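Residue-level structure breakdown
For reference, the chains in residue letters:
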Amino acid sequence: MENSEIKENVKASAKALIPFGVFIAVYLVTGIVLSSQGVELAFYQLPSPVAVICGIIVAFILFKGGIDEKFDTFIRGCGNENIVIMCIIFLLAGAFTTVSKQMGGVDSVVNLGMSVIPPQFITAGIFIISSFIAVATGTSVGTVVAVAPIAIGFAEAAGLNQMMVIGATIGGGMFGDNLSIISDTTIAATRTQNVEMKDKFRANFAIALPAAIVTVVLLLIFGRPEVVPKATTYSYSFIKVLPYIFVLVSALCGVNVFVVLTGGIVFSGIIGIADGSFTALVYTQQIFEGFKGMLDIFLLSMFMGGLAAMVEKEGGINWILQKIRKVIRGKKSAQLGIAAMISLTDMATANNTVAILINGPIAKEISEEYGVEPKRTASLLDIFSCVFQGIIPYGAQVLFACASIKGLNSPFEVISLCWYQYVLAIFAILSIYFPYTKYMGSNK
């Protein structure tokens, strides 16, 4: 994807997309079948790297050329510079998240937030707490798991609408996941578009912040408790919050992401060893646990890089671009096309990172042809994948959140109150037609 002259000489072939279709079909059908059987988290039972191997096998069978030639193309895709960088960042992000959690960082962040937010503003406060945790940890699912039980407890004590409180929890998780520099979606979006994380953050922030403000106002108006719960003192250590602040601030200041994450791992390790949360040996083991926790996304990214290279060589990417060119008339419709592609793929795969990895190369081609800034493309990929990941009833975020509510009749009771995702989508679409973000510093 580096030489435009070579791209023009590559034939267009719809058949070349069959391996992608097989991957999505295996992933989707497995989830639907398991869901019909009542299996919990049905769309997450089949490991995505195994599903993509099915597509790779089909590519080797279907595509022309010798085995050695196809294998060389596959390996070059797996070893693409951006893929390797992305995989290493995944490992470091996993290590930081695991070590920081083990030393008590997540608990301290939650308890600090619950201590400083007035009880009468608890619904909006839950959104804000979830947002910060997700920004700090880079995971919306982990945020929902950590905050949802506490949110339900407050909702019961204050007579709040439990569905609204859980909707606020999911919304905050998606806000933070969308902006976090250690989120796998951010890493995938920036590396597929070859853009700096700080630039993508600024482009996202100009859209996500207004959406978050509107959401907070709505929650303050409609989420006031019938009975103000008593203020409770929560135990926390501000020192254990500092590694998250260090990672966020240093990343925004433009420090190299490898330095940022390595520094965060060391910072959390020093605090954990000093306060007895773990020994030096256990600290090293937690780093490795973090590496292992990223194995799925590591393998998926590598395999997807290889498969994408084979599909591109066979003409699959060119075929999509030819079809898209027929409906795209300029920069605005190009952005809408990117938003539509990522949204539909996320609904099909129920995994926003997978959706970005699939659409990233195509979105890059579109943005280059129609003059869409790389940071803007990365922002659109991340925003719309997060929007739909936070409202599909079979997504992990919604499934985990709904599991916290006893007697819930339908996940749509929660989804209808996930206001942040809807407001975010509105602001993102508005930014296409009315590029107000350039006045907020995102398009300089």
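What counts, and at which threshold
Per chain, residues are indexed from 1 in the order of the written sequence. Only residues with pLDDT of at least 70 get local features here, since the model is predicted, and only at 80 or more are side-chain atom pairs given and counted; chain-wide, interface and lining totals rely on the full set of residues. Based on all heavy atoms of the structure, the side-chain values leave hydrogens and waters out of the count. Convention adopted: a line fitted to C-alpha atoms gives each axis, helices being fitted over their contacting stretch, and angles between N-to-C directions are expressed from 0 to 180 degrees. The helix and strand labels rest on DSSP assignments: H or I over at least four residues marks a helix, E over at least two residues marks a strand, and numbering proceeds from the N terminus. Roughly parallel means an angle under 35 degrees; roughly antiparallel, over 145; roughly perpendicular, 65 to 115; everything else is oblique. Left-handed describes a crossing whose near helix is turned anticlockwise from the far helix by less than a right angle; the clockwise case is right-handed. The contact definition used throughout considers only heavy atoms, calling two residues in contact when any of these lie within 4.5 Å. Residues are grouped as follows: Ala, Val, Leu, Ile, Met, Phe, Trp, Tyr, Cys and Pro are nonpolar; Asp, Glu, Lys and Arg are charged; every other residue, Gly included, is polar. Take the number of residues in a helix, subtract one, and multiply by 1.5 Å to get its expected span. For every residue, the accessible area (1.4 Å probe, protein chains only) is compared with the maximum for its type, and the residue is labelled buried under 20%, exposed over 50%, or partly exposed between those bounds. To obtain the arc, one takes the directions from the helix axis to the C-beta atoms. Patch membership requires over 30% relative accessible area and the absence of a salt bridge. Like charges are linked within 9 Å, and nonpolar side chains (Val, Leu, Ile, Met, Phe, Trp, Tyr) within 5 Å. With residues, only the protein chains shown are counted as cover, and all accessible areas are computed by Shrake-Rupley using a 1.4 Å probe. For this analysis, a salt bridge means a side-chain nitrogen from Lys or Arg found within 4 Å of a carboxyl oxygen belonging to Asp or Glu. Each residue gets a pLDDT score, which is the predictor's confidence in that residue and runs from 0 to 100. Classification of ring pairs rests on two measures: the distance between centres of Phe, Tyr or Trp rings, Trp counted by its six-membered ring, which must be within 6.5 Å, and the angle between planes, read as stacked under 30 degrees, edge-to-face over 60 and tilted in between. In this description, a nonpolar core means a group of buried Ala, Val, Leu, Ile, Met, Phe, Trp, Tyr and Cys residues linked to one another through side-chain atoms lying within 4.5 Å.

1. Some points on the packing of helix H6 (residues 105–116) against helix H8 (residues 140–158)
- Packing of H6 against H8 leaves a shortest axis separation of 11 Å and a crossing angle of 30°. Considering the angle they form, H6 stands roughly parallel to H8. Like other packed secondary-structure pairs, H6 and H8 cross with a definite hand, here right-handed. Residue-level contacts link Val106, Val110 and Met114 of H6 to Ala146, Val147, Ile150 and Phe154 of H8.
- Looking at side-chain class alone, the contact of H6 with H8 contains 7 nonpolar, no polar and no charged residues.

2. A look at helix H2 (residues 18–36)
- If you check H2, its first and last C-alpha atoms are 26 Å apart, about what 19 residues at 1.5 Å a residue would give, namely 27 Å.
- Within the sequence span of H2, burial applies to Pro19, Phe20, Phe23, Tyr27, Gly31 and Leu34. For H2, the angular spread of buried residues about the axis comes to 130°, placing them on one side.
- In this structure, the buried side of H2 is in contact with helix H3 (48–62), helix H15 (295–314), helix H17 (331–349) and helix H18 (352–370).

3. Examining a nonpolar patch on the surface
- Judged by side-chain polarity, Phe121, Ile213, Val217, Leu220, Ile221 and Phe222 come together as a nonpolar surface patch covering roughly 530 Å² of accessible area.
- With respect to the helices, strands and loops of the structure, Ile213 is situated in helix H11 (residues 197–222).

4. What about the packing of helix H9 (residues 162–179) against H11?
- Running from N to C, H9 and H11 point in directions that differ by 165°, and their axes come no closer than 10 Å. Between H9 and H11, the interaxial angle falls into the category roughly antiparallel. Crossing of H9 against H11: the hand is left-handed. Residues Met164, Ala168, Phe175, Asn178 and Leu179 of H9 form the contact with H11, whose own contacting residues are Lys200, Phe201, Asn204, Phe205, Ala208, Leu209, Ala212, Leu219 and Phe222.

5. Remarks on unusual backbone geometry
- Although it is not a glycine, Asn194 adopts a positive phi angle of roughly 55°.
- With respect to the helices and strands, Asn194 occurs in the loop between helix H10 (184–193) and H11.

6. Things to note about the confidence of the model for the protein
- In this model, the protein carries a mean pLDDT of 85, and residues with pLDDT of at least 70 account for 94%.
- The lowest-confidence element of the protein is helix H1 (residues 4–9), averaging 46 in pLDDT; the highest-confidence one is helix H22 (residues 419–433), averaging 95.
- Segment residues 1–6 is flagged for pLDDT under 50; beyond a separation of four residues in sequence, or across chains, it makes 5 contacts in the model.

7. Looking at the packing of aromatic side chains
- For the structure on display, the rule yields 11 aromatic pairs.
- When the ring of Phe201 is compared with that of Phe205, the centres are 5.5 Å apart and the planes differ by 15°; the resulting orientation is stacked. Note that Phe201 and Phe205 are positioned in helix H11 at a spacing of 4 residues, about one turn of the helix.
- You can call Phe201 buried: its relative accessible area is 11%.

8. Details of the environment of Ser48
- If you trace the backbone, Ser48 turns up in helix H3.
- Between the C-alpha atom of Ser48 and that of Ile297, which follows or precedes it by 249 residues, the distance is 8.1 Å.
- If sequence neighbours within four positions are ignored, Ser48 has contacts with Phe23, Tyr27, Leu300 and Val354.

9. Digging into the pattern of salt bridges
- Summed over all chains, the structure comprises 7 salt bridges.
- One salt bridge in this structure joins Glu69 and Lys313, with 3.1 Å as the shortest N-O distance. Taken together, the residues span a long stretch of sequence, with Glu69 in helix H4 (residues 67–78) and Lys313 in helix H15 at a distance of 244 residues.
- Residue classification places Glu69 among the partly exposed residues on the basis of a relative accessible area of 41%.

10. A short note on the nonpolar core
- Counting residues in hydrophobic clusters, the biggest one holds 136 residues, and the most contacted among them are Phe23, Ile170 and Ile366.
- The element that contributes the greatest number of residues to this core is helix H5 (residues 81–102), accounting for 11 residues.
- By size, the runner-up hydrophobic cluster in this structure holds 5 residues, among which are Leu34, Ala42, Phe43 and Ala350.

11. Remarks on the environment of Gly113
- Counting through the fold element by element, Gly113 comes out in helix H6.
- Counting along the chain gives 122 residues from Gly113 to Ser235, while the straight-line C-alpha distance between them is 11 Å.

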